[in-house]
Amino acid sequence: MKTIKTILLATILVFSSHVSAITENPKNEFKSVSEQIENLLKGSELVIYKDVGVKLKFKLNENNKIVILTNNSNDYYISEFINKRLYLKELKIDKKNANKFYYVPIKFISNIN
């Protein structure tokens, strides 16, 4: 039985900030954060039997490091994977955006045929 790598897509569709602060380029900020999250989640060895959507809520601390607040996954392995890959990873983003709350949907695509 061969292991197939998981395909992860961090979708940008519903990505938004909970804080109503106005930034000069909010769309660019959200796209940047989403792309960085996607890159941090690439390359999983998880076996995914069916497509799974996960909503992730996190904030950036004063050092722009990710502090995961919640994810709605009922799968222990997916939750652990997200925590290990993202917790306290630094994002390259303007320091004035620290302590904002971010929501990002993540889609895990089935890799079992």
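As the structure is a prediction and not an experimental result, all values here were calculated from the model.

So, how was this worked out
- Residues numbered from 1 in each chain as written.
- Predicted model: local features only at pLDDT ≥ 70, side-chain atom pairs only at ≥ 80, totals over all residues.
- Heavy atoms only, no water.
- pLDDT = per-residue confidence, 0-100.
- Contact = heavy atoms within 4.5 Å.
- Core = buried A, V, L, I, M, F, W, Y, C linked by side-chain atoms within 4.5 Å.
- Buried < 20%, exposed > 50% of the residue type's maximum accessible area, 1.4 Å probe, protein only.
- Helix = DSSP H or I, 4+ residues; strand = E, 2+ residues; numbered from the N terminus.
- Polar contact = N/O pair within 3.5 Å; in protein donor to acceptor, adjacent residues only side chain to side chain.

Engineer: Can you walk me through the confidence of the model for the protein in this structure?
Structural biologist: On average, residues of the protein score 77 in pLDDT, and 76% of them are at 70 or above. Overall, residues 1–25 carries pLDDT values under 50, and its contacts beyond four positions in sequence, including any with other chains, amount to 58 contacts.

Engineer: Just checking my understanding: could you explain the nonpolar core for this structure?
Structural biologist: The nonpolar side chains of a soluble globular protein tend to be buried, and buried together. Counting residues in hydrophobic clusters, the biggest one holds 22 residues, and the most contacted among them are Phe58, Ile82 and Phe108. Of all the secondary structure elements, the ones that give two or more residues to this core are helix 1 (26–41), strand 3 (52–60), strand 4 (66–71), helix 2 (76–86) and strand 5 (101–109). Apart from residues no more than four positions distant in its own chain, Ile82 is found in contact with Leu41, Val54, Leu56, Ile68, Asn71, Tyr87, Ile106 and Phe108.

Engineer: Help me out: how do you make sense of the side chain of Gln36 in this one?
Structural biologist: Among the secondary structure elements, Gln36 is positioned in helix 1. The buried category is assigned to Gln36, whose relative accessible area is 17%. Setting aside chain neighbours within four positions, we find Gln36 in contact with Leu91 and Lys92.

Engineer: Whenever I open this one, the side chain of Asn64 confuses me. Can you help?
Structural biologist: With respect to the helices and strands, the residue Asn64 is situated in the loop between strand 3 and strand 4. Engagement of the side chain of Asn64 in a polar contact is seen with the backbone oxygen of Ile93, the distance being 2.5 Å.

Engineer: I would appreciate a short explanation of unusual backbone geometry in the present structure.
Structural biologist: Leaving glycine aside, a negative phi is the common case for residues, and trans is the common case for peptide bonds. Residue Asn64 is not a glycine yet carries a positive backbone phi of 60°. Non-glycine residue Leu88 carries a positive phi angle of around 60°. Within the secondary structure, Leu88 is located in the loop between helix 2 and strand 5. For Leu88, a relative accessible area of 38% gives the class partly exposed.

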